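Notes for the structure review
What follows is each chain in one-letter form.
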Amino acid sequence: MGKSKNKITTVLISGQAGEGVKEAGIIFGKLLSLSGQEVFVTTELPSLIKGGYIFSRISFSQEKVFSDYGNPCLKIDLEKELILFGQKSFHLPMKKLVEQAKAPPITKNSVALGALCYYFGLEFEKLKKIFEKTFKEKAQINIELAKKGYEYLKNLKLPTRGLLKSKAIGLPAGGLIDGNEALALGLVKAGLQTYFAYPMTPATSILHFLAKKQKEFGLKTVQPENEIAAVQMTLGSAFAGFRSACGTSGGGFDLMQETCSLAGMSEVPLLVIVSQRMGPSTGVPTHTSQSDLQLVRFSGHGEFLRIILAPGDPEEAYLLGAEALNLAWKYRSLVIVLLDKHLSESLATSFLDFSKISAKIGLASGRKIEEKKGLVFPGMKNVVVKAASYEHDEKGISTEDPLVIKKMQEKRFKKLQFLLKEQKSKETVKVYGDKKSKNIIICWGSVKGAVLESLKHLKKPAKVVQPLWLEPLDTGKIKSYLKGAKKIIDVEGNITAQLSSLIREKTGIEIKNKILKYDSRPFEPMELAKKINHFLI
Amino acid sequence: MNLLTQAKITWCPGCSNFGILAAFKGAIEDLVKNKEIKMEEVVIGSGIGCHGKISDYLDLNSFYGLHGRIVPLLSGVKIANPNLKVIAFSGDGDAYAEGIEHLIHAAKRNIDLTLIVHNNQTFALTTGQFTPTSPKGFKGKSTPFGSAEEPFDPLLLMLSSGATFIARSYALEVKKTQEIIKEAIKHQGFSFIDILQPCLSLNDTRDYYQKRIYWLDEFRQKDNFDFALEKIREWNNKIPLGIFYQIKKQIYDPS
C-alpha cells in the first residue's frame, strides 16, 4: 500500500514454517496497538508444522483497519534475512546475531521485531513489555536479540519512517484479538460451562484457548474420539442443565448432522461453532472460504428450527457468540455460529463490549413436562426429565399418533414466531457507508472487512449491508435496506453466491451483480475496490 | 415404588427384554431402598433398536437417543454433572456396529457410567439382519446365504480397551442379572454388561444357551486379568456368566 490517502501502512513478514513468522506478526501487531495504531493481522500458512512458506501481513493506521492489504511498503524475510522497502533491500544478519547470543534459531524473529520497532520509530520499552508478557521467563533472550536488531538498523543510518505520530492513547495490546478467541470469550461471558471439540482447522484454536483457560473460566473442556462424540457430549451436557458448545469445520460438521436433527426433535439446546475452510472434502485446510452457508442452513434431516449467526469481525464474534448461547437456551434449539478461517485466525484491534452481554447461567433441559413451571433438569427432586429422538408426547413418551405428531411439530415451530418477533428489536443486519447511496454492496462474514476497507477506495459512495442473522433471515430489514437500490452488488467467498440465493429465496430480490472469490484466499481491498468500481453507477 | 410409565410395552409377548427390564427395575429399587443411590439422580438412556424402548417404559430421567450414540450422549451428562448416576442401554447392533468407536473410548477413558447391552445377535427391530455378534453363516434377510463374517467377542474388546468392570449375563436369569446390574452401578468407572438375550421371534437361542451357560464363582478375586482373559475366551461347549473382571482405577475427570 505504501501511503494511501488514508495512510494505511502494510508490513509483510515471511519465512519458513517453524521460524516464528506468525508470532512475529502478532507481536508486531500488539506493539502497534500499544503505540496507538488500529491494526489488522492476517497469517497465511500451509497445512504443515515445519517447512513451507508462511506470511504474516500487518496493516495499520490511525483509523480503523477492517482488512489487511496485499502490497506492503516493507517486507522482512526471516529465512533470507532480508529487509525490502520499495526497490531497496538490505541484509539483516539475524542468524549471526542469534548465534552470537547462543540463542535458539526461533529467536531470529525477535531480531526482526527489533528492526521493525526502530524502523517505525516505536518505543523499545513497549516491545520489551510485550516480550515479558508473552515469553515470561524466556523474555530476556528475546529482548536482548530485539535490541540487537534495533541497534543494527540504527547503525545503518538508513532513512526510517520515523516515530509514528499518534494522538490516540495507546490501545491495550490485548485489544488485538482474533475471531476464535473473541468468540470463546463471548461464550464464556454468556455462561459456557462445557466445551467439546475434536481438532479441526480453523476451529481448533477455540479448543486450545478454552482448554488453557479452563480453570480461570471455571469450565470443562474435552477432546473426545471424533466429532460425533463431541456433539453428542455437547447435547448430553445441555440435557444435564449445563451450558455447552462444540466447534468444528465443514468436514467435522458433516459428521454432526444426525445430532443437529436430534436437537431439533428433543429440543435440547445445541450450539455448534462452524469455522469454514475451503472445500469440498479436505479441500484447502488452512485457507478461507464462505461455502458452507447452505450446508448449515439445512443441517440435519427433517424440519426443525435452525438459527444461524454469522459475525464478520472479532467484536461481532464476541457478541454473537454470547447471543448464540443465549438463543440456544431460550429457544431450546440448534444454533450455529458461522465463522471462516479469515475471521477465526486474523487479529484485529477490537473493543469487546461486555456491557452488551447478559450472562444468563441457567440450568435447563429439553424437557417438555411442566415447562410452564420453569426449567427442569435431571437431579431435581420430584421431577422426571425425559428427552427423545422419537416423536413424543408432552411427557416425552414415544408416539405414532398422527394428532400428537401434528401438534408437536406445530408446537416446535411456534418458537419461530417468537423468534421472528424478538428479531425485530435486534441488530440482525448492519449497514455501513453512505446510507443514502443507491449503490448497495451486500456481504456476510469476514468479507465485510475487505468490503469496508474497499469503501475507502471507491470512485463513488456506496452503502454496505451485512446480515448478521442468516437464519432466520430478517427479511423485513433486508428489504427495507435494499429498497430503491440502483445497483446491488453481492460480494462473497464462494462460487455459487450462497447469500444471494438465500436473499432471493426469502425476499424475491434477485441480485445480478456478483463478485465471487473461490481461490481460498481472502479479498484484497484494492482489488475488490477495482471490481466494485466497475459496477458502480 | 412404581418405576414404570404409562407407556404401552410393545416388545413381542414373552420377549427376553422383559427379563432385563425386571432385573434393572429390581436393581434400582434395591439401591434406592438401601440409600445407595437417589432416584432423581439416576439418568438412563438408550439407542435405537428393541432395547431402546426401555427409556419409554421406565419412569426415570431418560434420553431416548440415536442409534449407536448413547454412550457419548450420556458421557456428556456425566461430565457436566458428576453427581448423576448414568446408565446406558444399548443393543449389539447399536453398541458393536454403529457406535463401536464410542464404546472403546468410553472404556479407555474409564468414564463413570454403566453400559448394559441387550445382545440378541441380530437386528430385530429391522426384522433380522446379522450384527457383529451373529455367528458366521447367520442367515438373515441381508445375508440369505449366510453371513461371511466371523463375530467378535465384545468382552475381549472391552478387556483390551481398559474397561474396569466386565460382566456377562443371561436375560432369562433375572435375579442374577439384577445382582450384576447392582454391582455395575455401584462400580466406580466404566462398567460393562453384555446380556445374552434370545430374540424369540427372529433368533431364538434359548436352547443353545441353556445347554451351555454356567456361573463363575462370584466370591473369587475379580482383578485377575489373565483369568478374565481365559474365561472370556471360553465360548464353546460352555459359556461362563458373571463378573469376569473388576479393578479400581482413576475415573475420568476432564477438569
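Each chain has its residues counted from 1, running along the sequence as written. The naming scheme follows written order: chains are lettered A onward, ligands numbered 1 onward. Predicted model: local features are reported for residues with pLDDT of at least 70 only, side-chain atom pairs are reported and counted for 80 or more only, and whole-chain, interface and lining totals are derived from all residues. With hydrogens and water set aside, each side-chain value is computed from the structure's full complement of heavy atoms.

**Examining the nonpolar core**
- With 121 residues, the main nonpolar core has A:Leu210, A:Leu271, A:Val272, A:Leu470, B:Leu74, B:Phe190 and B:Phe192 as its most contacted residues.
- Runs of E in the DSSP output that reach at least two residues are strands. Runs of H or I that reach at least four are helices, and both are numbered from the N terminus. The element contributing the most residues to this core is helix H13 (residues 314-331) of chain A, with 10 residues.
- Two residues form a contact once any of their heavy atoms are found within 4.5 Å. Setting aside its immediate chain neighbours within four residues, B:Phe190 contacts B:Leu103, B:Ala106, B:Ala107, B:Asn110, B:Ile111, B:Asp112, B:Leu113, B:Leu115, B:Met158, B:Ala163, B:Thr164 and B:Phe165.
- Formed by 51 residues, the second largest nonpolar core is a distinct cluster that contains A:Val21, A:Ala115, A:Leu145 and A:Tyr150. Nonpolar cores are built from buried Ala, Val, Leu, Ile, Met, Phe, Trp, Tyr and Cys residues. Side-chain atoms within 4.5 Å join them into one set. Buried, partly exposed and exposed residues are distinguished by accessible area as a fraction of the type maximum, computed with a 1.4 Å probe on protein chains only: under 20%, between the cut-offs, and over 50%, respectively.

**Description of the packing of aromatic side chains**
All names here are of chain A.
- In summary, the pairing rule links any two rings of Phe, Tyr or Trp, Trp by its six-membered ring, whose centres are within 6.5 Å, and it sorts them by plane angle into stacked for under 30 degrees, edge-to-face for over 60 and tilted for everything else. As enumerated under the stated definition, the model contains 21 aromatic pairs over all chains in all.
- The interplanar angle of 25° and the centroid separation of 5.7 Å between the aromatic rings of Phe131 and Phe135 together place this pair among those described as stacked. Pair noted here: Phe131 and Phe135 are both in helix H4 (residues 124-135), with a separation of 4 residues, about one helical turn.
- Phe135 gets classed as partly exposed once you look at its relative accessible area, which sits at 26%.
- Taken together through their ring pairs, the aromatic side chains of Phe28, Phe60, Phe85, Phe90, Tyr119 and Phe120 make up a single cluster.
- Placement of a charge over a ring requires the Lys NZ or Arg CZ to be within 6 Å of the ring centre, with the centre-to-atom vector within 35 degrees of the ring normal. If you follow Arg306 out to its NZ or CZ, it ends over the ring of Phe304, 3.8 Å from the centre.

**Topic: the pattern of salt bridges**
Residue and element names in this part refer to chain A.
- Between Lys or Arg on one side and Asp or Glu on the other, a salt bridge is scored when a side-chain nitrogen of the former is within 4 Å of a carboxyl oxygen of the latter. Tallying each qualifying case throughout the model produces 39 salt bridges over all chains.
- Its salt-bridge partner being Glu422, residue Lys330 comes within 3.0 Å of it at the nearest N-O pair. Of this pair, Lys330 sits in helix H13 while Glu422 sits in helix H15 (residues 402-423), and the two are 92 residues apart along the sequence.
- Exposure remark for Glu422: the relative accessible area of 16% places this residue in the buried category.

**Concerning the sheet that holds strand S16 (residues 429-433) of chain A**
All names here are of chain A.
- By this definition, two strands are paired if DSSP reports at least two bridges between them. Across the sheet, which stays open at both edges, the 5 strands sit in the order S16-S18-S17-S20-S21 with mixed pairing between neighbours. The open sheet has two edge strands with one neighbour each: S16 and strand S21 (513-516). Mean inter-strand twist for the sheet, computed between neighbouring axes without regard to direction, equals 20°.
- Relative to strand S18 (residues 463-467), strand S17 (residues 439-442) runs parallel, the two sharing 3 bridges. Among the inter-strand pairings, Ile441 is bridged to a residue of S18, identified as Val464. Lines fitted to C-alpha atoms define the axes, with helix axes restricted to the stretch in contact, and inter-axis angles between N-to-C directions lie between 0 and 180 degrees.

**Quick look at the confidence of the model for chain A**
- Mean pLDDT for chain A: 92, with 93% of residues reaching 70 or above.
- Scored between 0 and 100, pLDDT is the confidence that the predictor attaches to each residue. Residue range residues 361-373 of chain A is modelled with pLDDT below 50. Its contacts to residues more than four positions away, or to other chains, number 51 contacts.

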